[in-house]
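Tertiary structure, described
Listed below are the residues making up each chain.
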Amino acid sequence: MTELPDRRLLLVHAHPDDESINNGATMARYAAEGVHVTLVTCTLGERGEVIPAELRHLTGAALGLHRRGELADAVRALGVSDARLLGGAGRYGDSGMMGISDNEDPGCFWQADVDEAAGRLAEVILEVRPQVLVAYDDNGGYGHPDHIQAHRVAMRAVELADERGHRIAKVYWNRVPRSVAEAAFERLQEELPGLPFDKSASLADVPGVVDDELITTAVDGAPYAAAKAAAMRAHGTQIEVAEPYFALSNELAQPLFTTEYYELVRGTAEPGESDLFAGVEGVGA
């Protein structure tokens, strides 16, 4: 087996595009620094709403296949070569938004057995042996069933990996500090007339916004802003980008953050931490 670099990072996401929006700058930075970055995506996003009119004929499996191609283009833009689908392509279907009948589909991720899915993820963890894992909080950032399930599966997989001999040193949740989001939306309101979006989103539309004191780590990805924007543009069915803003299918503009923020939930954070590997033994952090 090929020997992996000293630093190894694993990220768990629900759908194609989540990785670029939440962690694109972080992934690009660490990939450029020689870190082995592994992305595990849990579904193909087959129930996503398509933005371009010329692609709205894509639904179900056809949309999932198309979004798989978008994901491949996005991770290539980020410099990441290890991108996987949990259980293989199509193993877990998109569950749709919370509270709709799609949530009851036995093949959707929301209906998956957590231990079974976590076991599949634990196999990846045991293969890659990451020191750092990034996931969502217990509300999945904004309450989407696939995001909530991705949180449950990731955290259970961490436990299973512990039991099988690999302890992940640091686990982080994706976050956005309230003060940063508020300042970004103030700028957005001023600049909106010049943007190709009619309206602005609100603070409530940004996943993972929390009080500043919960933030333990800020990863400066400004040098990788172009890579993040390119990765987001690769998800053309889901995202419109007009740097430093973007919009989803709701056509509401929101900030494109190049400093990405995290809350450490396992391990010890250093004061003013700016490196996910800070304090990890044996990696020179």
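Report on the accompanying structure. (Residues numbered from 1 in each chain as written. Predicted model: local features only at pLDDT ≥ 70, side-chain atom pairs only at ≥ 80, totals over all residues. Heavy atoms only, no water.)

1. Notes on the overall build of the chain
Counting its regular elements, the chain contains six helices and twelve strands. Computed over the C-alpha atoms, the radius of gyration of the chain is 18 Å, within 12% of the 19 Å expected from 2.2 N^0.38 for a compact globule of 285 residues. C-alpha atoms of the chain, sized along the principal axes, occupy 50 × 45 × 30 Å. Counting across all 285 residues of the chain, residues that qualify as buried make up 54%. (Helix = DSSP H or I, 4+ residues; strand = E, 2+ residues; numbered from the N terminus. Rg over C-alpha atoms; globule rule 2.2 N^0.38 Å. Buried < 20%, exposed > 50% of the residue type's maximum accessible area, 1.4 Å probe, protein only.)

2. Looking at the sheet that holds strand E11 (residues 252-255)
The pairing of strands in a sheet comes from backbone hydrogen bonds and takes either a parallel or an antiparallel form. Here we have four strands laid out as an open sheet, ordered E6-E11-E10-E9, and mixed in their pairing. Sheet topology places strand E6 (199-200) and strand E9 (240-242) at the edges, where each strand pairs with a single neighbour. (Pairing = 2+ DSSP bridges.)

3. Considerations on a negative patch on the surface
A grouping of Glu182, Glu186, Glu190, Glu191, Asp212 and Glu213 is seen on the molecular surface, where their side chains present a negatively charged patch. One can find Glu182 in helix H5 (residues 178-191). By relative accessible area, which is 38% here, Glu182 ends up partly exposed. (Patch = residues over 30% accessible without salt bridge, like charges linked within 9 Å, V, L, I, M, F, W, Y side chains within 5 Å. Areas by Shrake-Rupley, 256 points an atom, 1.4 Å probe, with all protein chains shown as cover. Salt bridge = Lys/Arg side-chain N within 4 Å of Asp/Glu carboxyl O. Lys, Arg positive; Asp, Glu negative; His and termini not counted. Charge placed at Lys NZ, Arg CZ, Asp CG, Glu CD.)

4. Considerations on the pairing of E11
Burial along E11 is two-sided: Leu252 and Gln254 and Ala253 and Pro255, pointing in opposite directions, are all buried. With three bridges joining them, strand E10 (residues 245-247) and E11 adopt antiparallel strand pairing. For Tyr245, the partnering residue across the bridge sits in E11 and is Pro255. The antiparallel hairpin formed by E10 and E11 contains four residues in its connecting segment, where Glu251 sits at a positive phi of about 60 degrees.

5. Quick look at the pattern of salt bridges
Taken as a whole, this structure holds 20 salt bridges when the rule is applied. A salt bridge links Arg156 to Glu159, with the shortest nitrogen-to-oxygen separation between them at 2.8 Å. Taken as a pair, Arg156 and Glu159 lie in helix H4 (residues 145-163) at a separation of three residues, close to a single helical turn. In this structure, Arg233 and Glu243 form a salt bridge, with 3.4 Å as the shortest nitrogen-oxygen distance. On the criterion of sequence distance, the pair formed by Arg233 in helix H6 (residues 225-234) and Glu243 in the loop between E9 and E10 is long-range, its members being ten residues apart.

6. Some points on helix H1 (residues 18-32)
In this model H1 runs 20 Å from its N-terminal to its C-terminal C-alpha over 15 residues, within 8% of the 21 Å that 1.5 Å per residue would give. At Gly24, H1 shows its largest kink, close to 75 degrees. Among the 15 residues in H1, twelve count as buried, and that is most of the element. Along H1, the residues that are buried comprise Asp18, Glu19, Ser20, Asn23, Gly24, Ala25, Thr26, Met27, Ala28, Arg29, Tyr30 and Ala31. Where H1 ends, the next residue or the one after it, Gly34, has phi of about 90 degrees, a positive value. (Expected span 1.5 Å × (residues − 1). Bend = angle between axes of the 7 residues up to and from the residue.)

7. Things to note about the packing of helix H2 (residues 60-78) against H6
The angle between the axes and the distance between the axes are what describe a pair of packed helices. Their axes nearest at 8 Å, the elements H2 and H6 cross at an angle of 175 degrees. Relative to H6, the element H2 lies roughly antiparallel. Within the contact between the two elements, H2 uses Glu70, Asp73, Ala74, Ala77 and Leu78 and H6 uses Ala227, Lys228, Ala230, Ala231 and Ala234. Tallied by class, residues from the contact of H2 with H6 come to seven nonpolar, no polar and three charged. (Axes fitted to C-alpha atoms, helices over the stretch in contact; angles between N-to-C directions. Parallel < 35°, antiparallel > 145°, perpendicular 65-115°, else oblique. Contact = heavy atoms within 4.5 Å. Nonpolar A, V, L, I, M, F, W, Y, C, P; charged D, E, K, R; others polar.)

That is the geometry; function is a separate question.
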